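Single-letter residue listing:
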Amino acid sequence: MSFNSQRKWSNTYKNLSKTRAINNNLIDYISKIEEFYINELESINTYRKTKPKDLIYLDKLPEKKESLFKKNLSTFIEGFSHSKYQRGY
């Protein structure tokens, strides 16, 4: 009888040890995440906010308008160069 109860106690202790190890790992992981977010929140104050005079404005490039005929012709010629259109034998 005592042998059976000792086995149960050993299994219970082993399960408790595993659970404790998992909890310790989770606690470490959670504390690292908390530390990361706290550092991120603290670093928000160190960044300077931009003002319109800090920005660089680029001119918009004019769109190149290509005719539909020219576009289809270039696709057709490109197809020949890539052997897209081949003669049937």
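In the block above lies the structure referred to throughout.
Residues numbered from 1 in each chain as written. Predicted model: local features only at pLDDT ≥ 70, side-chain atom pairs only at ≥ 80, totals over all residues. Heavy atoms only, no water.

Peer 1: Help me understand the overall build of the chain in this model?
Peer 2: Helices and strands together make up the secondary structure of the chain, namely 2 helices and 0 strands. The buried share among the 89 residues of the chain stands at 2%. Element-wise, carbon and sulfur atoms account for 59% of the exposed surface of the chain, whose accessible area totals about 9900 Å². (Helix = DSSP H or I, 4+ residues; strand = E, 2+ residues; numbered from the N terminus. Buried < 20%, exposed > 50% of the residue type's maximum accessible area, 1.4 Å probe, protein only. Areas by Shrake-Rupley, 256 points an atom, 1.4 Å probe, with all protein chains shown as cover.)

Peer 1: Is there a simple way to explain the packing of aromatic side chains in this structure?
Peer 2: Note on aromatic pairs: each is described by the distance of the centres and the angle between the planes. Within this structure, the stated rule accounts for 2 aromatic pairs. Centroid distance Trp9 to Tyr13: 6.2 Å. Interplanar angle 40 degrees. Geometry classified as tilted. Taken together, the residues span about one helical turn, with Trp9 and Tyr13 both in helix 1 (residues 2-44) at a distance of 4 residues. Across the pair, exposure class does not vary: Trp9 and Tyr13 are exposed alike. (Phe/Tyr/Trp six-rings, centres within 6.5 Å; stacked < 30°, edge-to-face > 60°.)

Peer 1: Sorry, what's going on with a nonpolar patch on the surface here?
Peer 2: Together, Phe69, Leu73, Phe76, Ile77 and Phe80 give the surface a local cluster of nonpolar side chains, amounting to about 540 Å² of exposed area. For Phe80, the location among the structural elements is in helix 2 (residues 68-81). (Patch = residues over 30% accessible without salt bridge, like charges linked within 9 Å, V, L, I, M, F, W, Y side chains within 5 Å. Salt bridge = Lys/Arg side-chain N within 4 Å of Asp/Glu carboxyl O.)

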